[in-house]
Structures are given as C-alpha cells and as structure tokens.
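# Breakdown of the fold
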Amino acid sequence: CYVYRVSRWGIAVGYSYAHEKFAGAGLDKKRFLKYGHENIVIRDNYVKMAGGDGITVMYALRPFVEHNMTDSVACEINDRIYCNPGNRGGKVAAAIWPWKCKNAIFQYNECFATLNASNGNGDGQPWDADYGDGTNYQYNYSHGNTASTIMFCGPESINNTFRYNISQYEDMGPLDPAGNTGNCQVYNNTFYIKEGLDTIWSTVHRNNGPVDMENNIFYFASKTPVKVRDWNPENAGNKTYSNNLYYNITNLPNDAAAVKVDANTNTKVLVDPGSGPRAVAEDNSARKHEDPTATTVFDGYKLAENSPAINAGKVVVDRNGYSIDHDFFGHAITAVPEIGAAESDVVAALVLRSNVYTVSERNVS
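Described in the following lines is the structure provided in the data block.

## Here's the deal with the overall build of the protein
Assigned secondary structure in the protein consists of one helix and 24 strands. Since a compact globule built from 365 residues should have a radius of gyration of about 21 Å, the 19 Å found for the protein is in line with a globular shape. By its C-alpha atoms, the protein is 60 × 45 × 45 Å across when sized along the principal axes. Per-residue burial over the protein gives 58% buried out of 365 residues. Contacts in the protein between residues far apart in sequence, at least 24 positions, make up 74% of those at least 6 positions apart. With 32 positive and 40 negative side-chain charges, the protein shows a spacing of 5 Å between the two charge centroids.

Set out below in structure tokens:
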C-alpha cells in the first residue's frame, strides 16, 4: 500500500469505543478480547509526507508490524500549522508506533526523516513505545529523524524491549525515556551518533524513565573525542549500563564491562559506519536483510575483522519473554554474543554452541 500526502495519519488501525477500559500500565488479555482487537498485521506499506503520524496500531493484542517504510512524515506538525497558542492539542507525531497495545512487535521496518521536532512537533521519533505493555522493536533501521531514535513514552509505558536495531544520524540522542515506568531493556543495538551531539539522551524531554542498556554500540561520529555531558540525567539511579562499547568518547558511565575505543588508535569496530541508506529504496519497499548469506545495503554495520565488539557481549535474558534468536542480519546468536546489532563468524575459544534458541514472532502470551 502506498500512502502519500494525507493531512494527518498515514495508517491508523484499531481504535476502540471503550478506550477508558484501557487505563493503567499493566494490560491484561481479557480487556483486549472484550473491547480491543486481535490478529492485526500491518505489512509492506510505504507512507510518505503524511501530515502527522506514519503508522499507528491501537488497542490491539499482539499486533505485528513489519517491512513498512515511512519517509518525511509529520510534515504538518509545526508552528506554522498550529499557530494558535490556545489550539495546540495533538501537536505530536512520530513514525511507526503503538497506542495502548499489549506485546506489539515491530520488525524490519525503515524510517527516514520524521520531521519538525525542532519546529513545534513534541515527538519526531521513528519509533515510540507509547502507553503500552510489552512493546518490542527489533531489526529496524532508522536514519535522519529530527528527534531521538526511540521514545518510551509516559507512565503507562512498561515492559519495553528495544534490540538489534540500527540507528544512523538522528538529530537528537538515541534514547528518549519520557516518563516511562518499569522494565525497559535496550540491548544489542548500534547507534551511529551524528557529529555535534554530546549525549545519548533526548535534548527535549526530561529523560526521567528507567533504561537498562546492555551490549549496545554507542558510536560518536565526531571528528574529535566527545565528552558526554549526562550519562545519568535526572534520576541517576534509574539508568544502568552493562557490556556496552563506547567509541570516540572521553568519559564513560558506570559500566564495569565497558569496551572503550579511542578513534585515534585506528581500531576498526564496524566495516563502514555511517554508510547505511539515507533514502528509501527505488521500489519504495523496506529492504530485506534476514538472510545471513546475502549482501545488503546495511553491511557497513557488520563488525570489522578483529573488532573489539566480537565476543565481548554478555548473555542477555529478555525480561519480557522474547526469545533471543538472531541478529539484524539473520545470524544466529552464539553462546558468547557480540556487542551491537551484528553477530560475527568468530566463536570464542572453548565455547561451543550446544543449542539454538527458537523464536516465534508471537511467542509472548
């Protein structure tokens, strides 16, 4: 489906007349079975220049959203359109996200240039785990959005998983925990952070929600080493770091297993960082990268030979019950995982793969 230049939403599915039944953070299946929706699949759509949000699924149990593309959405969410100070309701828009869903899965989507975060749009992210329970973003790619990569939005946003995604050149820091409450895991992502930024956090919101960060690559593209100004903004006790790789950074957070890489040592972490797509594919479709034997346009984010990220990760247990099966490129996760969104072919000495975790895209009940 091709959606072009609509005034507000590109695709919005699943509203409920009984929205008041979905109040609160923890959402049980019974209310969805009675008042909400099941069996929602949104796949293979391209939304361009929507005035507001790109794709939103609402009031749904286990919705499945994959292989979609958004490009330059939120183009009317700005101070010119919303010029009356007394009429600013709804002046927020993100690209692909859930509202009041349980165990929503978003995978293999691409998002480019969500607009106007610096011109009045209170959002502007590609991904937004918004007032839901158990949202999982995995294997997605985003580039050039005007806000942060992922927002965990509001006190009723709980049990979030963000894993094996690649982010390139967003205008703000990668993470935006905008008041979320419990259980937020961010692991095995690769964040290529644009020059001029000195934070991994949103430069707009208070970043006052909890986030546990494991096995991520924080790669600062600055020409000079970056001193990060706020590893623990707002409440220092609600951010944890474990086994992350920090590139081109002078100061580190409290991470006992940190891997620090200085840019001036010429140590290669990634094959060609910053080389990911900057525009949509010619056929307006999300590009496939599930086959580990195939060459893809994302291969610059594979690990370089002898990368310090190889065999440097920790074994992660997903607290939301999602099986850990493969990386961004379809490679099986080994017994000693890597740091970042890509596994390599190098196996740690004396470690043999005795079993492979199985995954079902709908395995969470």
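## Concerning the environment of Trp97
Along the chain, Trp97 turns up in strand E8 (residues 96–99). Separated by 202 residues in sequence, Trp97 and Asp299 place their C-alpha atoms 26 Å apart. Discounting chain neighbours no more than four positions away, the residues touching Trp97 are Trp9, Asp53, Ile55, Thr56, Val57, Phe106, Asp128, Asp130 and Tyr137.

## Looking at the sheet that holds strand E11 (residues 127–130)
Taken together, six strands build an open sheet; the order of strands is E2-E5-E8-E11-E14-E17 and the sheet is parallel. For this open sheet the edge positions go to strand E2 (11–13) and strand E17 (175–178), each flanked by a neighbour on one side alone. Averaged over all pairs of adjacent strands, the angle between their axes in this sheet comes to 10 degrees, without regard to strand direction.

## Points about the pattern of salt bridges
For the structure shown, the criterion picks out 16 salt bridges. Notably, a salt bridge pairs Glu38 with Arg62, separated by 3.8 Å at the nearest N-O pair. Pair noted here: Glu38 is in the loop between helix H1 (29–35) and strand E3 (41–43) and Arg62 is in the loop between strand E5 (55–58) and strand E6 (64–66), with a separation of 24 residues, a long-range link. Exposure remark for Arg62: the relative accessible area of 23% places this residue in the partly exposed category. A salt bridge links Asp171 to Lys194, with the shortest nitrogen-to-oxygen separation between them at 3.0 Å. Within this pair, whereas Asp171 is found in the loop between strand E16 (166–168) and E17, its partner Lys194 is found in the loop between strand E19 (190–193) and strand E20 (211–214), the two being separated by 23 residues in sequence. Residue classification places Asp171 among the partly exposed positions, given a relative accessible area of 33%.

## Focus on the layout of surface pockets
Counted as a void, the second largest pocket has a volume near 220 Å³. Lining the second largest pocket are 14 residues, and of these Lys302, Leu303, Glu343, Ser344 and Asp345 lie nearest its centre. For the lining of the second largest pocket, the residue count by class is seven nonpolar, three polar and four charged.

## What about empty space enclosed by the protein?
Any space left empty among the atoms is revealed by the rolling of a water-sized probe across them. Evaluated as defined, the whole model comprises two cavities of 30 Å³ or more. Of the pockets and cavities examined, the largest cavity occupies roughly 40 Å³. What lines the largest cavity is Thr149, Ser167, Tyr169, Glu170, Met172, Gly173, Pro174, Phe191, Tyr192, Ile193, Lys194 and Leu197. A per-element tally of the lining of the largest cavity places E19 first, with three residues. Of the residues that constitute the lining of the largest cavity, the class distribution is seven nonpolar, three polar and two charged.

## Remarks on unusual backbone geometry
In most cases, non-glycine residues show a negative phi, while peptide bonds are predominantly trans. With a phi close to 55 degrees, His67 is a non-glycine residue in the positive phi region. With respect to the secondary-structure elements, His67 resides in the loop between E6 and strand E7 (69–71). A relative accessible area of 7% places His67 in the buried class. The backbone of Tyr164 sits at a positive phi, close to 55 degrees, despite the residue not being glycine.

## Remarks on the sheet that holds E20
Read from one edge to the other, the open sheet built from eight strands follows the order E3-E6-E9-E12-E15-E18-E20-E22, with strand pairing classed as parallel. Only two strands of the sheet have a single neighbouring strand rather than two, namely E3 and strand E22 (239–242). Between one strand axis and the next, the sheet turns by 10 degrees as a mean value, whatever way the strands run. Note: strand E15 (residues 160–163) against strand E18 (residues 184–187), four bridges, orientation parallel. Across the sheet, residue Asn160 finds its bridge partner in E18, namely Cys184.

## Quick notes on the side chain of Glu214
Looking at where Glu214 falls in the secondary structure, it is placed in strand E20. Beyond its immediate stretch of four places on either side in the chain, Glu214 contacts Gln185, Val186, Tyr187, Asn188, Ser242, Asn244, Lys314 and Val316.

## Observations concerning the side chain of Thr149
With respect to the helices and strands, Thr149 occurs in the loop between strand E13 (141–143) and strand E14 (150–153). Take Thr149: its relative accessible area is 1%, and that puts it in the buried class. Reaching out from Thr149, the side chain makes a polar contact with the side chain of Ser167 at a distance of 2.7 Å. For Thr149, the contacting residues outside a window of four places in its chain are Gln125, Pro126, Trp127, Ser142, Phe162, Ser167, Glu170, Gly173, Pro174 and Phe191.

## So, the nonpolar core
Within the largest apolar cluster, 43 residues are counted, with the highest numbers of intra-cluster contacts made by Val57, Tyr137, Phe162, Leu175, Val186, Ile200 and Met213. Breaking this core down by element, the ones donating at least two residues are E5, E8, E11, E14, E18, E19, E20 and strand E21 (217–220). If we ignore the near neighbours within four places in the chain, the residues touching Met213 are Leu175, Val186, Ile200, Trp201, Phe218, Lys239, Thr240, Tyr241, Ser242 and Asn244. If you look at the next biggest cluster of nonpolar residues, it comprises 26 residues, including Tyr219, Leu245, Phe328 and Ala341.

## Focus: the environment of Glu195
With respect to the secondary-structure elements, Glu195 resides in the loop between E19 and E20. Sequence separation between Glu195 and Thr295 is 100 residues; the distance between their C-alpha atoms is 28 Å. Those residues in contact with Glu195, other than ones at most four positions away along the chain, are Ala221, Ser222 and Lys223.

Thresholds, definitions, all that
- Residues numbered from 1 in each chain as written.
- Predicted model: local features only at pLDDT ≥ 70, side-chain atom pairs only at ≥ 80, totals over all residues.
- Heavy atoms only, no water.
- Helix = DSSP H or I, 4+ residues; strand = E, 2+ residues; numbered from the N terminus.
- Rg over C-alpha atoms; globule rule 2.2 N^0.38 Å.
- Buried < 20%, exposed > 50% of the residue type's maximum accessible area, 1.4 Å probe, protein only.
- Contact = heavy atoms within 4.5 Å.
- Lys, Arg positive; Asp, Glu negative; His and termini not counted.
- Charge placed at Lys NZ, Arg CZ, Asp CG, Glu CD.
- Pairing = 2+ DSSP bridges.
- Axes fitted to C-alpha atoms, helices over the stretch in contact; angles between N-to-C directions.
- Salt bridge = Lys/Arg side-chain N within 4 Å of Asp/Glu carboxyl O.
- 1 Å grid on protein atoms, 1.4 Å probe; cavity = no way out; pocket = protein on both sides within 12 Å on 5 of 7 lines; lining within 4 Å.
- Points joined across faces, edges and corners; volume = space filled by probe spheres on them.
- Nonpolar A, V, L, I, M, F, W, Y, C, P; charged D, E, K, R; others polar.
- Polar contact = N/O pair within 3.5 Å; in protein donor to acceptor, adjacent residues only side chain to side chain.
- Core = buried A, V, L, I, M, F, W, Y, C linked by side-chain atoms within 4.5 Å.

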